[in-house]
Amino acid sequence: MLLPKRFIVIHFYRSQMNLDIFNEVSSDHIKNIFGSCDIFLKKIEKALDVSVTERNGSVHLEGGDKSVRKAESCLKNLLELSLNGNDITEQQVDYMLSLCEDDQEEELVELDKDIICRTITGKPVKPKTVGQKNYVDLIRSKMITFGIGPAGTGKTYLAMAMAIKAFKAEEVQRIILTRPAIEAGEKLGFLPGDLQQKIDPYLRPLYDALYNIMGAEQYLANSEKGLIEVAPLAYMRGRTLDNAYIILDEAQNTTPQQMKMFLTRIGFGSKVIVTGDLTQKDLEAGQASGLETAVKVLSGIDDIGFAYLTAVDVVRHPLVQKIVRAYEEYEAKHTDKKPGNDARSGQSGRSGFRDRDDHHGQAGYRDHGERRRY
């Protein structure tokens, strides 16, 4: 006896919505949100599987019920950013869409309210991702903060902004910027010039941030007075640094001995920020990184915080974010194949931060000693 076939009928419901709020704003804001040639709008349509049309200031949404609600929330939050004077960027749209996945799209508007300082041209400097906000909050609350993450996540730039803000507010008497003088995989030989000219190429990224936020004239004036000092790490030995904002950049290229030497220079009234990328070490093969060792040794000490930034926090060109993720996947795949390795996945997830009260950290950077450089 043949059993009757069962048919399952699935009904797909599509929702429609008109956003009349756009009737009340100028066409400039709509162009800002939609992007040149509607490039941002197309991103939203593709990511959320909705259709968006605009006619005479009225925006019409069509798609699945959940998708329409997410698109509505995205557009409203982007409108609020535009009304606050922001030029909407591709990075903001991409990050907004990533936040939509967890129904956290309103976080981007909250981030926009946290202005650290302004550049010499008046442009506000502020965290652009939740991970960056956690990083800035740790700097405010901890005496020593480690900012660990890939290139383009704003580790150094935000640290510089916090230092310059504290200096201008007279919270500290001087700023000291340092980094190890190590070539990025090349042997440059002997460099011409006096001592300052020899070390300048290694410290150029720090100068760039100083000039952008403080201005060349103000920097040079304070530098001549000894209030702002940019020097290689080797020159820190034997000093006691009181009432200073101290930033150690490219800390993954320090040795454990150098890191210990640096951290024990700190005096009263000082604040320290250590930044680095554990995936881009330029040390000799087999040489332990001072940053890796410090994370293992200091993670349980009060008043020391660890901020872990990921590919999600990259605020350079969107292609940089894709490059970082591609390398993470490559490294994770090839590390897993090697016998005896207990490698964990790359750091493509949400940003995290850790201090004494939060030891969970970010998975992408918890495997400190196990990460390998391609």
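Look above for the structure.
Let me sum up the structure you'll find in this document.

Rules used throughout
Residues numbered from 1 in each chain as written. Predicted model: local features only at pLDDT ≥ 70, side-chain atom pairs only at ≥ 80, totals over all residues. Heavy atoms only, no water. Helix = DSSP H or I, 4+ residues; strand = E, 2+ residues; numbered from the N terminus. Expected span 1.5 Å × (residues − 1). Buried < 20%, exposed > 50% of the residue type's maximum accessible area, 1.4 Å probe, protein only. Axes fitted to C-alpha atoms, helices over the stretch in contact; angles between N-to-C directions. Parallel < 35°, antiparallel > 145°, perpendicular 65-115°, else oblique. Left-handed = near helix turned anticlockwise from the far one by under 90°. Contact = heavy atoms within 4.5 Å. Nonpolar A, V, L, I, M, F, W, Y, C, P; charged D, E, K, R; others polar. Pairing = 2+ DSSP bridges. Right-handed = clockwise from strand over helix to strand, strands pointing away. Patch = residues over 30% accessible without salt bridge, like charges linked within 9 Å, V, L, I, M, F, W, Y side chains within 5 Å. Areas by Shrake-Rupley, 256 points an atom, 1.4 Å probe, with all protein chains shown as cover. Salt bridge = Lys/Arg side-chain N within 4 Å of Asp/Glu carboxyl O. Polar contact = N/O pair within 3.5 Å; in protein donor to acceptor, adjacent residues only side chain to side chain. Phe/Tyr/Trp six-rings, centres within 6.5 Å; stacked < 30°, edge-to-face > 60°. Core = buried A, V, L, I, M, F, W, Y, C linked by side-chain atoms within 4.5 Å.

1. Notes on helix α3 (residues 65-83)
For the α-helix, the turn length of 3.6 residues means that residues three or four positions removed from each other point alike.
No. 1: The terminal C-alpha atoms of α3, which comprises 19 residues, lie 27 Å apart, in line with the 27 Å expected from a rise of 1.5 Å per residue.
No. 2: Residues of α3 that are buried: Val68, Lys70, Ala71, Glu72, Ser73, Cys74, Leu75, Asn77, Leu78, Leu79, Leu81 and Ser82.

2. Some words on the packing of α3 against helix α4 (residues 90-100)
No. 1: One way to put it is that α3 packs onto α4 with a least axis distance of 11 Å and a crossing angle of 140 degrees. Between α3 and α4, the angle is such that the two are oblique. Considering the relative orientation of α3 and α4, their crossing is right-handed. Contacts between α3 and α4 pair Lys70, Cys74, Asn77, Leu78 and Leu81 from the former with Gln92, Val93, Met96, Leu97 and Cys100 from the latter.
No. 2: Looking at side-chain class alone, the contact of α3 with α4 contains seven nonpolar, two polar and one charged residues.

3. Quick word on the packing of helix α2 (residues 39-48) against α4
No. 1: α4 packs onto α2 with a crossing angle of 15 degrees between their chain directions and a minimal axis gap of 10 Å. Taken together, the axes of α2 and α4 are roughly parallel relative to one another. Crossing geometry of α2 relative to α4 is assigned as right-handed. Mapping the contact onto sequence places Phe40, Lys43, Ile44, Ala47 and Leu48 in α2 and Glu90, Val93, Asp94 and Leu97 in α4.

4. So, the pairing of strand β10 (residues 271-276)
No. 1: Counting buried residues in β10 gives six out of six residues, a clear majority hidden from the surface.
No. 2: Of the two faces of β10, both are covered, the one formed by Lys271, Ile273 and Thr275 as well as the one formed by Val272, Val274 and Gly276.
No. 3: Bridge analysis of strand β6 (residues 144-148) against β10 gives five bridges, and the strand direction is parallel. In the sheet register, Thr145 faces β10, and the bridge partner there is Ile273.
No. 4: Bridge count between strand β9 (residues 244-248) and β10: four bridges; the pairing is parallel. In the sheet register, Ile247 faces β10, and the bridge partner there is Ile273.
No. 5: Viewed along the sheet, the connection from β9 through helix α10 (residues 256-263) into β10 turns out right-handed.

5. Comments concerning a nonpolar patch on the surface
No. 1: Together, Leu319, Ile323 and Tyr327 make up an exposed nonpolar region whose accessible area comes to about 280 Å².
No. 2: As for its position among the elements, Leu319 is in helix α12 (residues 318-336).

6. Examining the pattern of salt bridges
No. 1: Within the structure shown, the criterion is met by 15 salt bridges.
No. 2: Asp94 serves as the salt-bridge partner of Lys43, at 3.0 Å between the closest nitrogen and oxygen. With Lys43 in helix α2 and Asp94 in helix α4, this pair connects stretches of sequence that are 51 residues apart.
No. 3: One salt bridge connects Glu110 with Lys113, and the closest N-O pair in it is separated by 3.2 Å.
No. 4: Taken together, the shared-partner salt bridges connect Asp114, Lys133, Asp137 and Arg140 into one network.

7. Observations concerning the side chain of Asp249
No. 1: On the secondary structure map, Asp249 appears in the loop between β9 and α10.
No. 2: Relative accessible area serves as the criterion here: at 4%, Asp249 is assigned to the buried category.
No. 3: Polar contacts involving the side chain of Asp249 include one to the side chain of Thr156, which spans 2.7 Å.
No. 4: The contacts of Asp249, once residues within four sequence positions are left out, are Thr156, Thr178, Arg179, Pro180, Leu206 and Thr275.

8. Looking at the packing of aromatic side chains
No. 1: Considering all chains together, one arrives at four aromatic pairs under this definition.
No. 2: Centre to centre, the rings of Tyr207 and Tyr219 are 5.8 Å apart; their planes meet at 70 degrees, and the pair counts as edge-to-face. Note that Tyr207 is positioned in helix α8 (residues 195-213) and Tyr219 in helix α9 (residues 216-224), a separation of 12 residues in sequence. For the residue pair Tyr207 and Tyr219, the accessibility class agrees, reading buried in each case.
No. 3: Cluster of aromatic residues (ring-pair linked, three or more members): Tyr207, Tyr211 and Tyr219.

9. Considering unusual backbone geometry
No. 1: Phi is positive for Asp38, which is not a glycine, with a value near 60 degrees.
No. 2: In this structure, Asp38 sits in the loop between α1 (27-34) and α2.
No. 3: By relative accessible area, Asp38 is classed as partly exposed at 34%.
No. 4: In this structure, Glu170 takes a positive phi of about 60 degrees despite not being glycine.
No. 5: Within the secondary structure, Glu170 is located in the loop between α7 (155-168) and β7 (174-179).

10. Focus: the nonpolar core
No. 1: Counting 34 residues, the largest nonpolar core has Tyr135, Met160, Ile175, Leu177, Leu210, Val230 and Tyr245 as its most contacted members.
No. 2: Taken together, the elements giving at least two residues each to this core come down to α6 (130-141), α7, β7, α8, β8 (228-232) and β9.
No. 3: Element by element, the count of residues in this core is highest for α7, at nine residues.
No. 4: Beyond its immediate chain neighbours, meaning those up to four positions away, Leu177 contacts Met160, Leu206, Leu210, Glu229, Val230, Ala231 and Ile247.
No. 5: In this structure, Leu41, Leu61, Val68 and Leu111 belong to the second largest nonpolar core, which totals 29 residues.

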